[in-house]
Amino acid sequence: MSIRWKSWKELPLGMVIPEPATSLEFKTGSWRALKPVLDENKCIRCLLCWVHCPEPAIERLEGDRVRIDYNYCKGCGICANVCPVHAIEMVMEGGEE
Amino acid sequence: MSTIVKGRRIGLNGDRAVAYAVKQADVDVISAYPITPQTIIVEALAEYVNNGELNAAFIPVESEHTALSAAVGASLAGARVFTATASQGLALMYEILWIAAGLRTTIVMALGNRAFSPNINIHCSHDDAYAARDTGWIQFFAENVQEAYDLTLQAFRISEDKRVLFPSIVNLDGFILTHSLEGLYVLDDKDVKDFLPPKDPVNPIDPESPKTYGPLDLYDWYIEHKRQQAEHFNNTLPIIEEVFNEYYELAGRKYTPVKTYGMEDAEVAIVVLGSSAGSVRYVAKRLRRRGRKVGVVSLTLFRPLPVEEIIEVLSSVKVVAVMDRSYSFGSPGAPLFLDINAALSNAKERPLLFNVIYGLGGRDLTPDHILAIYDRAEDIARSGEVKERQIWVGVRG
Amino acid sequence: MNQIKTLRDIPTREQLAPGHRLCAGCGIPQIVRFVLKAVPDPKVVVNATGCLEVATTIFPYTSWKVPWIHNAFENVAATASGIEAAFKIMEKKRGRRKPRIIAFGGDGGTFDIGLQALSGALERGHDLLYICYDNEAYMNTGIQRSGATPKGASTTTSPAGRVIPGKLERKKDLISIAIAHGVKYAATLNPAYPVDMYNKIVKAASTSGPTVLHYFTPCPTGWYFDPSRSIEVARLAVQTRIWPLYEYDNGVYRITVMVKKPRPIEDYFKLQGRFRHLLKPENKWLLDEIKKEVEENWNRLLKLSGAST
Ligand code: SF4
Ligand code: SF4
């Protein structure tokens, strides 16, 4: 973010946040206790996890492949729960993958 | 007031004069709810819009809270916005007053000053104006219908000035000004257009440049935001004076933050807001003819309070009576009294002061009351002692 | 704006950025993401005070990629009215293009404190899409009951006590309130039915005048369930007929997800801490009352939509 102010004098008028999407600087991945691990071989590219991830921390890639962005994933486990083929497994953060 | 005046002379009551100014200002959005004594303003504006004389959106809202909330949205969107209210309506708007100022909207509001309940009353007190005093709105007080008109036009120009960007309230005493027919000069539409070009909004809502307005603001930045707002608000005074001067050149009527009468040599003075200034001046004139050194100070600009000017005109006076058309329970004085005291607090010389509560709920202020106030002020000047810090006038004993 | 057939048709572009502080497993982002996807640019979002507002805009962090305005709690519809009216007149006077106006309010901001402002906006006929994300209590202040809290639910101000077992009053019927104002389109939404939800947003946004969407918002924090089960809880709400999915489109009611054989209400209740007390024998009378009301409501909708059981 280009907005790092040193004094009240520099703050944007009207208390606004002048740029979009600055929350990208706030990495909510640190909230995670359980980590979703995706098995690409099992994935049938149904997009359910992408649809339901609240952050969104699941990216939809070319050919409807999906990728988990651990910078933001809070480890809620919804993706693992909605996946019809159990391609996502929740594991302890910092444990074996 | 100068005698070289431009424009046409017509007869209007205060509410209609404000509405006429709003029409000439070519506002984009009017968002208001009826409440006595300002209702005539919104009625007149609805008429202008529905008759095609004013190309504006009139939002017939379901409450004053919504009136101001919608006005905030419209102003942020980039529109020139007007609203009007009084008394309970202002009280219902209260939380949004702060938001309108903090988000730096440029709304202009006419406030037909009226007493707060209970008991319900439709006549003049300054409770509503005082309730808004800390909220970050610029506040003007009109003394007569001409001033209500002139100040409304100037308020748009001041609020929208890029060095200002704060909303404004034009106060006009309920019934005394809102409903009384007076002769006034109105400018030609073309002159108003030159003085007040279309609003050029700063940081308006724009999908091409998405911004977040009104976010959550915790201990990390909240105080810096307030600090900035405070500085910017206090810096508006010279710009207000600049616009007053420009308006003088255009209209031939000169406005100053502080209006004085007899203050060149006055030993005692009355400080007053709104329409009562005329009555006080009338009595002062009579007394001065008899050689009594009395003066009058009235504030056209109440927020930001013109502190330096107040010090300049009052510090060498012996006694000052500050008149408040409102009461502040449990406080050592009503709001204007506190303000004048605070303004003078570090002056090298300072007068003795006392507070006069008058006119609540439309009670008349008579020449006899004013005379008694001057008598008391002179007594204090002689004895050097203020026995009662606060007195009430015009109350059945 | 197109209706979709499968999840594949949902646009990929996101206009809500991650990094927001909504709870893990929160149901709110799904409606926000979908609305931002389904409603074409240019658009403006107006937001009432509530979970969505506080969690997505903590200065200087914002998750929004569209203009976003928060004024106060009870006035989102009022603020949106002003923005709509302003853009409309500015388009006429100065040719500034009018964006679509979207308002988000929680259940507190919609059913309770903001109902008057919403009523005014609907009556005046502003061109705006109003979405109530309903998590059935004041979650932002810590799970207090609202006019949207369903009968039987335990909240911090309607706790399941020994004498009074949770909230005893019914939930207000937001859609009927909206319809009574003469809106042309209103519908219920549920995150477990994403295609249905997407298409209703498209319909609402392409209807001129005010439209109202009522979104079922699973809240793991306030309903006491495991966050991973958010969508499961949401689906059960539909399958038990507790949250019927239907729309009102220019005078015509239609149940959009027909539930032929409902699941037992207990299946939905037992997943959530806020309802678990209803499964105790001493509270059977309340459970029976709820069951009866759910059935009545379903039958009412069947009748309104001219469908048969
Ligand atoms: S665990 Fe939750 S936050 Fe993480 S990717 Fe899955 S759905 Fe998204
Ligand atoms: S839900 Fe499972 S199968 Fe579907 S896209 Fe995600 S990981 Fe692949």
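Note that the structure is a prediction, hence the values are computed from the model and not measured.

## Side note on the site of ligand 2
Taken together, Leu 38, Cys 43, Ile 44, Arg 45, Cys 46, Leu 47, Cys 49, Cys 83, Pro 84, Val 85 and Ile 88 of chain A form the complete shell of residues around ligand 2. Looking at side-chain class alone, the shell around ligand 2 contains 10 nonpolar, no polar and 1 charged residues.

## Looking at the interface of chain C and chain A
Across the contact, 38 residues belong to chain C and 38 residues belong to chain A. Approximately 3,000 Å² of surface area, both sides summed, lies buried where chain C meets chain A, with 61% of it carried by carbon and sulfur atoms. The interface formed by chain C and chain A includes 1 salt bridge. The partner of Arg 8 of chain C in a salt bridge is Asp 64 of chain A, and the shortest N-O contact between them spans 2.7 Å. If you look at where chain C meets chain A, you find 21 residue pairs in polar contact (both at pLDDT 80 or more).

## Some thoughts on the layout of surface pockets
Residue and element names in this part refer to chain C. Considered as a void within the structure, the largest pocket measures approximately 570 Å³ in volume. If you trace the largest pocket, you find 25 residues lining it, with Arg 170, Lys 171, Lys 172, Ile 242 and Asn 297 closest to the centre. Of all elements in the fold, only helix 6 (174–180), strand 8 (211–216), helix 10 (265–270) and helix 11 (284–304) reach the threshold of two or more residues within the lining of the largest pocket. Its residues placed into classes, the lining of the largest pocket shows 14 nonpolar, 3 polar and 8 charged. Each pocket or cavity is described by its volume, and for the second largest pocket that value is around 430 Å³.

## Regarding the pairing of strand 14 (residues 319–324) of chain B
Residues and elements named next belong to chain B. Of all 6 residues in strand 14, 6 are buried; the element is thus mostly enclosed. Alternating residues of strand 14 divide into Val 319, Ala 321 and Met 323 and Val 320, Val 322 and Asp 324, and every residue in both groups is buried. Pairing geometry for strand 11 (residues 268–272) and strand 14, over 4 bridges, is parallel. Across the sheet, Val 268 pairs through a bridge with Val 319, a residue of strand 14. In this sheet, strand 15 (residues 352–357) lies alongside strand 14 in parallel orientation, the contact comprising 6 bridges. The residue bridging Val 319 from the neighbouring strand is Leu 352, located in strand 15. Crossover handedness for the path strand 14 to helix 12 (residues 335–344) to strand 15: right-handed.

## A look at the packing of aromatic side chains
Residues and elements named next belong to chain B. Tallied over the full model, the rule gives 26 aromatic pairs over all chains. Ring plane angle 35 degrees and centroid distance 5.3 Å describe the contact between Tyr 327 and Trp 392, whose orientation is recorded as tilted. Residue Tyr 327 is found in the loop between strand 14 and helix 12, and its partner Trp 392 is found in strand 16 (residues 390–392); the two are separated by 65 residues along the sequence. Classification of Tyr 327 by relative accessible area gives partly exposed; the value is 27%. Assessed through its relative accessible area of 45%, Trp 392 is described here as partly exposed.

## Regarding the pattern of salt bridges
One pass over the full model with this rule turns up 56 salt bridges over all chains. Residue Asp 288 of chain C pairs with Lys 284 of chain C through a salt bridge whose shortest N-O separation is 2.9 Å. Pair noted here: Asp 288 of chain C and Lys 284 of chain C are both in helix 11, with a separation of 4 residues, about one helical turn. By sharing partners, the salt bridges in this structure join Asp 26 and Asp 28 of chain B together with Lys 93 and Arg 94 of chain C into a single network.

## Considerations on the side chain of Ser 298 of chain B
Here Ser 298 of chain B is to be found in strand 12 (residues 294–299). Not counting residues within four places of it along the chain, the set of residues in contact with Ser 298 of chain B comprises Glu 143, Pro 257, Val 258, Lys 259, Val 272, Ala 277 and Arg 281 of chain B.

## Side note on helix 6 (residues 145–160) of chain B
Residue and element names in this part refer to chain B. Look at helix 6: 23 Å from first C-alpha to last across 16 residues, which is about the 22 Å you get at 1.5 Å a residue. Within helix 6, 16 of the 16 residues are buried, which leaves it mostly tucked inside the rest of the structure. Where helix 6 starts, the residue carrying a side-chain oxygen 3.2 Å from the main-chain nitrogen of Gln 146 turns out to be Asn 144.

## Focus: the site of ligand 1
Inspection of the region around ligand 1 gives Pro 36, Cys 53, Pro 54, Glu 55, Ile 58, Cys 73, Lys 74, Gly 75, Cys 76, Gly 77 and Cys 79 of chain A as its neighbouring residues. Classifying every residue of the shell around ligand 1 by side-chain character gives 7 nonpolar, 2 polar and 2 charged.

## Describing the packing of helix 1 (residues 14–24) of chain B against helix 2 (residues 39–50) of chain B
Residue and element names in this part refer to chain B. Taken N-terminus to C-terminus, the directions of helix 1 and helix 2 make an angle of 40 degrees; their axes are 8 Å apart at the nearest point. Viewed along their axes, helix 1 and helix 2 adopt a mutual orientation that is oblique. Crossing of helix 1 over helix 2 shows right-handed handedness. Two secondary-structure elements touch here, helix 1 through Asp 15, Arg 16, Val 18, Ala 19, Tyr 20, Val 22 and Lys 23 and helix 2 through Thr 39, Ile 40, Ile 41, Ala 44, Leu 45, Glu 47 and Tyr 48. Its residues placed into classes, the contact of helix 1 with helix 2 shows 9 nonpolar, 1 polar and 4 charged.

## Description of the pairing of strand 3 (residues 57–60) of chain B
Residue and element names in this part refer to chain B. Because side chains alternate across strand 3, one face comprises the buried residues Ala 57 and Ile 59, and the other comprises Phe 58 and Pro 60, none of which is buried. Pairing geometry for strand 2 (residues 29–32) and strand 3, over 4 bridges, is parallel. By the bridge assignment for strand 3, Ser 31 is matched with Ile 59. The handedness of the strand 2 to strand 3 crossover, carried by helix 2, is right-handed.

## Topic: the interface of chain C and chain B
At the interface, 41 residues of chain C touch 41 residues of chain B. Both sides together, the interface formed by chain C and chain B hides about 3,100 Å², and carbon and sulfur atoms give 62% of it. Counting every contact that joins chain C to chain B gives 4 salt bridges. Put simply, Lys 93 of chain C and Asp 28 of chain B hold a salt bridge, and the shortest N to O gap is 2.9 Å. Applying the counting rule to chain C against chain B returns 19 residue pairs in polar contact (both at pLDDT 80 or more).

## Re the sheet that holds strand 7 (residues 185–189) of chain C
Taken in spatial order, the 9 strands of this open sheet run 9(B)-4(C)-1(C)-5(C)-6(C)-8(C)-7(C)-9(C)-10(C), and their pairing is mixed. Whereas interior strands pair on both sides, the edge strands pair on one side only; in this sheet they are strand 9 (212–213) of chain B together with strand 10 (252–255) of chain C. Two elements, strand 9 (residues 246–249) of chain C and strand 10 of chain C, share 4 bridges in a ladder whose sense is antiparallel. Along strand 10 of chain C, the bridge assignment pairs Glu 247 of chain C with Arg 254 of chain C. Lying over the sheet, helix 7 (residues 194–205) of chain C contacts strand 5 (100–106), strand 6 (129–134), strand 7, strand 8, strand 9 and strand 10 of chain C, oriented at roughly 160 degrees with respect to strand 7 of chain C. Against the sheet, helix 11 of chain C makes contact with strand 9 and strand 10 of chain C, and its axis sits at roughly 125 degrees relative to strand 10 of chain C, the strand it touches most.

## Section: the side chain of Arg 241 of chain C
Residues and elements named next belong to chain C. Tracing the backbone shows Arg 241 in the loop between helix 9 (230–239) and strand 9. Buried Arg 241, no salt bridge; nearest opposite-charge side chain is Glu 295, N-O distance 6.7 Å. A distance of 3.2 Å separates the side chain of Arg 241 from the backbone oxygen of Lys 260, its partner in a polar contact. Residue contacts for Arg 241: discarding those within four places in its chain leaves Val 259, Lys 260, Pro 262, Val 294 and Trp 298.

Conventions used here
- Per chain, residue numbering runs from 1 following the sequence as it is written.
- The lettering of chains begins at A and the numbering of ligands begins at 1, in the order of writing.
- Local features in this predicted model are restricted to residues whose pLDDT is 70 or higher, and side-chain atom pairs enter the listing and the counts only when it is 80 or higher, whereas totals over whole chains, interfaces and linings include all residues.
- Excluded from the side-chain calculation are hydrogens and water; included are all heavy atoms of the structure.
- In this text, near means that some heavy atom of the residue lies within 4 Å of the molecule or strand in question.
- Think of it as three bins: nonpolar holds Ala, Val, Leu, Ile, Met, Phe, Trp, Tyr, Cys and Pro, charged holds Asp, Glu, Lys and Arg, and polar takes everything else, Gly as well.
- We call two residues in contact whenever any of their non-hydrogen atoms come within 4.5 Å of each other.
- The term buried area denotes the loss of accessible surface (1.4 Å probe radius) that occurs when two parts are joined, taken as the sum for both partners.
- Should a side-chain nitrogen of Lys or Arg be within 4 Å of a carboxyl oxygen of Asp or Glu, the pair is scored as a salt bridge.
- Throughout this description, a polar contact denotes any pair of N or O atoms lying within 3.5 Å of each other; where both atoms belong to protein, one of them has to be capable of donating a hydrogen while the other can accept it, and for residues adjacent in sequence the pair is counted only when both atoms sit in side chains.
- Only protein atoms enter the 1 Å grid, on which a cavity is a set of points fitting a 1.4 Å probe that cannot get out and a pocket is an open set with protein on both sides within 12 Å along at least 5 of 7 lines, lining residues being those with an atom within 4 Å of a point.
- Grid points are joined across faces, edges and corners, and a volume is the space filled by probe spheres set on the points.
- The secondary structure listing takes helices from DSSP runs of H or I that are at least 4 residues long and strands from runs of E that are at least 2 residues long, numbered from the N terminus.
- For every residue, the accessible area obtained with a 1.4 Å probe (protein chains only) is divided by the maximum for its type, and the residue is called buried under 20%, exposed over 50%, and partly exposed between those limits.
- If DSSP finds at least two bridges between two strands, the strands pair.
- Assignment of crossover handedness uses the view with strands pointing away from the viewer, where a clockwise path from the first strand over the helix to the second indicates a right-handed crossover.
- To pair, rings of Phe, Tyr and Trp, with the six-membered ring standing in for Trp, must have centres within 6.5 Å; the planes then decide the type, stacked if under 30 degrees apart, edge-to-face if over 60, and tilted in the middle.
- What a helix should span is 1.5 Å times the count of its residues minus one.
- Axes, fitted as lines to C-alpha atoms, cover a helix only where it is in contact. Angles between the N-to-C directions of the axes lie from 0 to 180 degrees.
- Any angle that is under 35 degrees is reported as roughly parallel, and any over 145 degrees as roughly antiparallel; angles of 65 to 115 degrees are reported as roughly perpendicular and all others as oblique.
- Note on convention: the crossing is left-handed when the near helix lies turned anticlockwise from the far helix by less than a right angle, right-handed when the turn is clockwise.
- Here the positive residues are Lys and Arg and the negative ones are Asp and Glu; neither His nor the chain ends is included.

Geometric descriptors of this kind do not, in isolation, establish any biological role.
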